[in-house]
Each structure stands twice: as structure tokens, then as C-alpha cells.
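Here is what each chain is made of, one letter per residue.
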Amino acid sequence: MIGGWSRRAAIMLLTLLLLAAVSACRERIPQVIEIPTQMVLPPPTEIPPSDTPTRTPFPTWTFTFTPSHTPTLTPSFTLTPSNTYTRTFTPTFTDTPTFTLTPSPTLTPSETLFPTLTPSDTPTPSNTPTPRPSRTPRPTIQQDTPTPFGGVSPTFTLQPAPTIFSFTANQNFVLANTTVLLSWSSDGQVARLEQIDASGSAIYQSIPVPPNGQYSILAQSTSSSQQVIFRLMVSTNGIVTSSQPVVVGITCPANWFFGDQFAPAGTGCPAAVGAIGQGAFQRFERGFMVYINANGLNRICAVQDSGSAYLCMGNGWDGHSINTSPAPNGGPIPAQMFNWAYYNTLGLGGTWNSVIGWPVMDIAVGDRTIQFENSLGWGNPFFVDTADGTVVHFSGGDSGTWVRVR
């Protein structure tokens, strides 16, 4: 009985071991487990086709960040002093001076008000000025002065200026362009006569003369002041000079035909009364032409406005030939002697057409007045009037400059 139990027990133990081994093998084999469906989705709905394309939206992604661990930082500061200072208070004492008012003694007549200073009591200045260094003069080079034979050194004496004893004119007033007799005496070595302006800066003429003598000189009026100033210059050794003036008044033989008050500054006297003769005048775009026949001059003068220049020529018109070329602006053309000059001569740097343009008025025929300055003659300055009341001063001769006077 007992033996049969033992055998049965061994068999059961073996069976348990086998079952354990089979169970272990079963756990290693994967099993398919069916998960029950929690929701049944309906079948997809069919969408009928359309001509409009359907845009498929992009999927939207949503990111959610969930930190697994959020550390908490709790700073801890510990102040550790590196050095330790110990302040020590040291008291400081300041002396405060105390002033005591001491009355001054009363002066008596026997006492000396201002004591006498002794050398020991003499105050010594604290700031002593430092003297500036003195400039050492440059050494003078001594040159050997040649001494003539005999050992006598020459002496030089400054010679005084020469003396003019007299300087006179035989007339105080004379007609313009007449002679004046000047007389003088001096102790100079050389002399000269000068005609000067009122300021003495301009010298119109200078003539060498002896230091004593007489000289007849032309009193030519050169300014509207109507006086002539002569000056005697006397020199000695060409170094020192003495001078003395004499003034001679000018009496003009005639008046200006346009009025003496309109004569430009520096104008002399008229040489004679104005000469009147047959003439003509015609104004152009940039100037004018004037014909002067007084005293048989028979001259044509063309005047340019810009540049203040003029040009005169002898009249070559035969009295009847005329160039009838019309003016481009339909205006008048040069007439008579001006027609001859316009088409047959050259102007101031070109044709008259390019210089003064075309006429702006018809020719005005009538008397013209001419008056010369200082002396008669075509080369002298002269005044001419025009048909429009203008008076023009020409510098003289066939060409030069002109100015409008009135």
C-alpha cells in the first residue's frame, strides 16, 4: 500500500512537471486576439463627378508639448564679505584765534609821527623785477676813408634850394590861343616853364628855359574854368628845386551856340562863332547820318550808337543817282547823299546795313551849325547840331569818338 502510494505520487509529480514545461512553451507562442469592434462606420457615400476640381485640404498638424518634468530652480545666495573694514575716528582740533583790540597810544608833540627807518628796518621787496636783456648793437664795419694827398679830409655842405626872385606875365587876361610874355629871375642853374591844371597833377606842356629870361608862350584854354596856369621850375645841381605859379585868365572870343552851360568839363573856348550852312540829317535803327556843308566842308558823318564811334567822308553824290532797293521792313531807304554813302562805302567794321541798320525816318534837309573848339580846322574837336535838337561833340578829324551834349 505504501509502495503503491509512492509510485502514484511519483507519477503525479512527473505529470506536474510536464504540464509546467508545456505551459512554458505555450507562453512563447504569440496568440491572435480578436478585439471587438466598438463602432461600425457607415459605408462611404459616392460623390457624383463634377467639372469643378475638388481641392483636397492639406492635413492640419497640432503639436502638443507636454513636459515630462519641470524643474524648479530655487536660487540661494550667500554673501561672503571678502574684507572687513574697521573705521577709526580720530578727532581733529582747530585752533580759533582770539583777537584782542588794543587801543593805540595817543600821539604827543614830542613823539615822531613817522619813525625813521634804519637799514635793518628797510623792507626788502619780495618780488624783484628781472631786468630785460639789453640788445647788443651790431658791430659797425669801419671802412678806410680815402684821404686826399696832404691828409685833408673833404667836407660836404648841403646847398639850399634856389630862390625865384620874380615870375610874372605881361597880361592878366588874354584871348584864347594868343601868346603871353612871361618874365622871371632866379639864382638857380637850370629852369623850365610848364602849363599845368588847377591841381598841378597834369602837365600840358613843358619847355626848357634859362634860369633868368623871358618867353612868349601860347595861352591855350584846356578847361571850362577859363584860365591858364603857368609854373616856373628852377633847380640847382639837379637835386633841389623851387617852383612858383602864375595864373592868366582866358577871355573866349565867342559863346557856344548851344549854351555855355552845356559845354562838357575840360572844353576850351570856341575858336569862332558857329558856322551855319545847308545840311541834312537822317536817323537809322542803330545810329544816324549828318551832312555838314558849312564853310564848304561838304562832309558826311555816320554815327554808331553802340561803341560811340563815328566815321566821316567827303560827299561823293552826283546829285541824282539813287539806289532804290527797298528796305526789308517796308520803311524808308537812305536818301540823297546818304544813299550814296550807304551803298558805296563801308562803315565801322562792315557795311552800313550791318552797322547802323535801316532808316527809321525820312531825310530832314535844313541848316546845320558847326563850331570848332580852340582853333579852326577839321582836325580840331567840333560840335554839330541835328534836326531832332541833339548836339553832338566830335573828337576831331574823319574818325574818332563822340558824345551827346544836349
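These figures come from a predicted structure and were not determined experimentally.

**Examining the overall build of the chain**
So, point 1. Across its full length, the chain holds three helices and 16 strands.
So, point 2. For the chain, buried positions account for 28% of its 406 residues.
So, point 3. The contacts in the chain between residues at least 6 apart in sequence include a share of 56% that link residues at least 24 apart.
So, point 4. A total of about 30200 Å² of accessible surface is found on the chain, and carbon and sulfur atoms cover 59% of it.

**Topic: the pairing of strand β7 (residues 227–236)**
Looking along a regular strand, one sees the side chains alternate between the two faces of the sheet.
So, point 1. By the criterion of burial, β7 is predominantly enclosed, with nine of the 10 residues buried.
So, point 2. Both strand β4 (residues 190–196) and β7 contribute to a ladder of seven bridges, which runs antiparallel. For I196, the partnering residue across the bridge sits in β7 and is I229.
So, point 3. Where β7 meets strand β8 (residues 240–251), 10 bridges bridge the pair, whose relative direction is antiparallel. If you follow V228 over to β8, its bridge partner there is V248.

**Focus: the sheet that holds strand β3 (residues 178–186)**
So, point 1. Read from one edge to the other, the open sheet built from three strands follows the order β1-β3-β6, with strand pairing classed as antiparallel. Both outer strands of the open sheet, β1 (164–169) and β6 (213–219), are each paired with one neighbouring strand and no more. The sheet shows a mean angle of 20° between the axes of neighbouring strands, direction not considered.

**Things to note about the nonpolar core**
Where a protein is soluble and globular, its nonpolar side chains tend to be buried together.
So, point 1. Among the nonpolar cores identified, the biggest contains 21 residues, and F167, L182, L193, A219, F230, L232 and I250 are the most heavily contacted of them.
So, point 2. Elements that contribute at least two residues to this core include exactly β1, β3, β4, β5 (203–209), β6, β7 and β8.
So, point 3. Of all the elements, β7 adds the most residues to this core, at four residues.
So, point 4. When residues no more than four places from it in sequence are discounted, the contact partners of L232 are I164, F167, W184, A191, R192, L193, S242, S243 and Q244.

**As for the state of the cysteines**
So, point 1. Summed over all chains, the structure comprises two disulfides.
So, point 2. Each sulfur of the disulfide joining C252 and C269 lies 1.8 Å from the other. Here the S-S torsion is close to -60°, and the disulfide linking C252 with C269 is therefore left-handed. Taken together, the residues span a long stretch of sequence, with C252 in the loop between β8 and β9 (275–284) and C269 in the loop between β8 and β9 at a distance of 17 residues.
So, point 3. Residue C252 is classed as partly exposed on the basis of its relative accessible area, which comes to 26%.
So, point 4. Covalent S-S linkage joins C301 and C312, the inter-sulfur distance amounting to 2.0 Å. Measuring handedness by torsion sign, the sulfur bridge of C301 and C312 sits at about 105° and is right-handed. On the criterion of sequence distance, the pair formed by C301 in strand β11 (residues 299–304) and C312 in strand β12 (residues 309–314) is long-range, its members being 11 residues apart. Per residue, the accessibility class of C301 equals that of C312, and both read buried.

**Looking at the side chain of T236**
So, point 1. Locating T236 in the fold gives a position in strand β7.
So, point 2. Looking at T236, the relative accessible area reads 4%, which means it is buried.
So, point 3. Excluding residues within four positions of it along the chain, T236 makes contact with Q159, P162, G188 and Q189.

Cut-off values and rules
Throughout this document, residue positions are counted from 1 along each chain, in the order its sequence is written. The predicted nature of this model means local features are confined to residues of pLDDT at least 70 and side-chain atom pairs, given and counted, to a pLDDT of 80 or more, with totals for whole chains, interfaces and linings taken over all residues. Side-chain metrics rest on all non-hydrogen atoms present in the structure, leaving aside hydrogens and water. Each helix is a run of H or I in the DSSP string that is no shorter than four residues. Each strand is a run of E no shorter than two, and both are numbered from the N terminus. Buried residues are those whose accessible area, probed at 1.4 Å on protein chains only, stays under 20% of the maximum for their type, while exposed residues exceed 50% and partly exposed ones sit between those limits. Two residues qualify as a contact provided that any one of their heavy atoms is within 4.5 Å of a heavy atom in the partner residue. In these tables, accessible area is a Shrake-Rupley quantity obtained with a 1.4 Å probe, and a residue counts as shielded only by the protein chains included in the view. What makes two strands pair is DSSP finding at least two bridges between them. Angles here are taken between N-to-C directions and fall from 0 to 180 degrees, while the axes themselves are lines fitted to C-alpha atoms, restricted in helices to the stretch in contact. We define a nonpolar core as any set of buried Ala, Val, Leu, Ile, Met, Phe, Trp, Tyr and Cys residues linked to one another through side-chain atoms lying within 4.5 Å. Note on disulfides: each one is a pair of cysteine sulfur atoms within 2.5 Å.

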